[in-house]
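Report on the structure
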Amino acid sequence: MKLKKIAIIASIMAVMITVFLFSMTLGNLNVTETNHIPRAVIIDQLYSDVPNEHFETTASNHLKKLGYTVDLYTTDNATVDLFRNLPTMNYDFIVFRGHALHASEENDAVMFFTGEKYSEKKYVQEQLFGQIKKGTPLLERTFSIDEKNNTGWVSVNGSKNIKMISSPVQVSDKPREEFFLFSPKSIHDLMKGKFDDSIILLGGCSTLKNDSMAKALVERGASKVVGWTDLVSSSDNDWALLQILQKMDDEKLSVTDATNKVKEIPINNPKYHSKLEIFS
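**Some thoughts on the pattern of salt bridges**
- As enumerated under the stated definition, the model contains 15 salt bridges in all.
- Between Lys-247 and Glu-251 there is a salt bridge, and its shortest N-O distance comes to 3.3 Å.
- Given the relative accessible area of 12%, Lys-247 is considered buried.
- Accessibility expressed as a relative area gives 34% for Glu-251, which makes it partly exposed.
- Between Glu-277 and Lys-263 there is a salt bridge; the shortest N-O distance is 3.0 Å. Here the residue Glu-277 occupies a position in strand S14 (residues 276–279), and Lys-263 occupies one in the loop between helix H8 (255–262) and S14, the gap between them amounting to 14 residues.

Following this line, the structure appears as structure tokens:
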């Protein structure tokens, strides 16, 4: 009888230890979930050609106030391998500032530029299978004021919105090189892992000309993709993306509500008449 009692007590203790260990495991899982720190990244593929430190600083500040830790990648770091591995890097919010294009001759696909210069000797297999392409960004002519003879800006017809440069300027019109492009096929075939309901602001020309790129990103796990319906200047793009982040930060709006609010605000003297859209 004593042996039987000992066996019963041992069994009860074993069950209690099992329950205790199981509850500890659940507790650890809950701690892991509640301690998750949201992560964001700004990928500034335009950094070398059209730098905008104000954009980077302001976007970072808004994202930090929204609770994200923020990483920054500029042109030299915006490589094919960065985009290939992007889903595995656990970013909850991705801001892309760069060139993109709509290639009607390539299955009507939207493609965005990496910062990696094209070489026929690199990614040979991927090129043979059409998984990455090459392209030249649309030239955006820039003007810099001659500081020695600077007389600033003058208003035209008393308008607050229309101004002209009254100083001598230098025109930057350097030829563009070819870069590797990421296409929807690149998203399907080359990207590793899955996004975890990531929000993606895809700033660049024609990024939502159609849903080919946005759909590929959502199928890869993104929750929402914001982009442009047609050509857009870097200045207009920067203004709009910062407005979205500001409204999310200051007004506590969702990315959908912030985008819908910003798209209703007219841009002063837009270079192109592109519109913001959101895909989910």
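**Examining the pairing of strand S12 (residues 199–203)**
- Most of S12 sits out of view: 5 of its 5 residues are buried.
- Both faces of S12 are covered, namely the face carrying Ile-199, Leu-201 and Gly-203 and the face carrying Ile-200 and Leu-202.
- Both strand S3 (residues 93–97) and S12 contribute to a ladder of 5 bridges, which runs parallel. Opposite Phe-96, over in S12, you have Leu-202 as the bridge partner.
- Where S12 lies against strand S13 (residues 224–228), 3 bridges are found, and the strand directions are parallel. In the sheet register, Leu-201 faces S13, and the bridge partner there is Val-226.
- Remark: the S12/helix H6 (residues 212–219)/S13 crossover connection has right-handed handedness.

**A closer look at the environment of Ala-214**
- Within the secondary structure, Ala-214 is located in helix H6.
- By relative accessible area, which is 0% here, Ala-214 ends up buried.
- Distance in space between the C-alpha atoms of Ala-214 and Lys-224 is 8.1 Å, their sequence separation being 10 residues.
- Setting aside its immediate chain neighbours within four residues, Ala-214 contacts Leu-208, Val-225 and Phe-279.

**Points about the packing of aromatic side chains**
- Under the criterion given, the structure shown has 8 aromatic pairs.
- Put simply, the rings of Phe-83, Phe-96, Phe-112 and Phe-182 touch in pairs and so form one group of aromatic residues.
- Here the guanidinium or amino end of Arg-97 rests over the ring plane of Phe-55, the centre of that ring lying 5.7 Å away.

Calculation rules
Residues numbered from 1 in each chain as written. Predicted model: local features only at pLDDT ≥ 70, side-chain atom pairs only at ≥ 80, totals over all residues. Heavy atoms only, no water. Salt bridge = Lys/Arg side-chain N within 4 Å of Asp/Glu carboxyl O. Buried < 20%, exposed > 50% of the residue type's maximum accessible area, 1.4 Å probe, protein only. Helix = DSSP H or I, 4+ residues; strand = E, 2+ residues; numbered from the N terminus. Pairing = 2+ DSSP bridges. Right-handed = clockwise from strand over helix to strand, strands pointing away. Contact = heavy atoms within 4.5 Å. Phe/Tyr/Trp six-rings, centres within 6.5 Å; stacked < 30°, edge-to-face > 60°. Lys NZ or Arg CZ within 6 Å of the ring centre and 35° of its normal.

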